[in-house]
Amino acid sequence: MRTPRSLRFAVCAALALAATTAASAQWLDYPTDGVPKNADGSANLNAPTPRAADGKPDLSGLWAMYCQSRGKRVMCAPEIAVPPVFGDIGRGVAGGLPYTPWAAELVKERKAQNGMGDPTTHCLPGGVAKLHTSSLLRKIVQTPGLIVFLTERNASYRQIFTDGRPLPGDPNPSWNGYSTAHWEGDTLVVQTNGFQDGQWLDRAGSPLTSAALMTEKFRRPNYGTLQIELTVNDPKAYTKTWTVPIEQSIVLNTELLDYICNENEKDASHLVGK
């Protein structure tokens, strides 16, 4: 991890805890516009949910995972902890993940190899689940007809279309798949298909196959909180549909910082498997 990134995460963690407003003109320490304030001038993270022009909740913002540090709930950062669901997404599922025999054997082998085959270890994309569970930041940009996720890892993006188009019938497989969404009250319901085979949902090696249909439900109950309910229906890898809850926090007074995995990469030569 490069020093500027570590410093930035340390600053972001402090900002999330103190919810203070920065005065510097640098982008990585620049005041977020339109933040609701408490009487003492601090950010009011419990303020009402922002609304878009159509009256729907506006999910726009810079978001990070919550973690536990010494019993306290704080924004995840490399200096604090790796989110547990990043290492094993089944930790957020009652009873663990319902693997099919094929998937259970695959996960066993991946764990025996110490995760050597994880695509992200080789600087490949992480897919939708790791987008939500990574300790890296992600930005949501909400516009009429389209919601875009911008991510720090490899400066990548994800598109979610809200213009009424259907999911593609025979999509060309991709890392993030193809996503469409609609609103059910104040909940954004996203469905995604067309995933590329060989993806890992977590560091433990839980698979996602091209047969999968993923459903995400996004809620923003207040200014500072984003709740995501992620459901995976993948009959090749799991005996039943399962759901994991994820909660994220708004990150203020900073910006995305590129994390290009292959830039000055020195880890791959040390992967030893068993």
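Here is a short report on the structure shown in this document. Everything quoted here is computed from the prediction, not taken from an experiment.

Among the structural elements, threonine 215 can be located in strand β10 (residues 213-222). Of the polar contacts made by the side chain of threonine 215, one reaches the side chain of glutamine 191; its length is 3.5 Å. If near-sequence neighbours (up to four positions away) are discounted, threonine 215 is found in contact with Val189, Val190, Gln191, Glu229, Leu230 and Thr231.

A full pass over the atoms with the stated rule returns 1 disulfide. Disulfide pairing places cysteine 123 opposite cysteine 261 at an S-S distance of 2.1 Å. The sign of the S-S torsion, about -65°, decides the handedness of the disulfide formed by cysteine 123 and cysteine 261: left-handed. Here cysteine 123, found in the loop between α3 (101-112) and α4 (127-133), pairs with cysteine 261, found in the segment after β12 (242-250); they are 138 residues apart in sequence, far enough to count as distant. An identical accessibility class is assigned to cysteine 123 and cysteine 261; each is buried.

Here the focus is the side chain of aspartate 234. Among the structural elements, aspartate 234 can be located in the loop between β11 (225-233) and β12. We note that aspartate 234 is buried and unpaired, the nearest opposite charge coming from lysine 236 at a distance of 7.5 Å. At a separation of 2.7 Å, a polar atom in the side chain of aspartate 234 contacts the side chain of threonine 209. The residues touching aspartate 234, leaving out its near neighbours within four places in the chain, are Pro207, Leu208, Thr209, Ala211 and Ala212.

Criteria and cut-off values
- Residues numbered from 1 in each chain as written.
- Predicted model: local features only at pLDDT ≥ 70, side-chain atom pairs only at ≥ 80, totals over all residues.
- Heavy atoms only, no water.
- Helix = DSSP H or I, 4+ residues; strand = E, 2+ residues; numbered from the N terminus.
- Polar contact = N/O pair within 3.5 Å; in protein donor to acceptor, adjacent residues only side chain to side chain.
- Contact = heavy atoms within 4.5 Å.
- Disulfide = S-S within 2.5 Å.
- Buried < 20%, exposed > 50% of the residue type's maximum accessible area, 1.4 Å probe, protein only.
- Lys, Arg positive; Asp, Glu negative; His and termini not counted.
- Salt bridge = Lys/Arg side-chain N within 4 Å of Asp/Glu carboxyl O.

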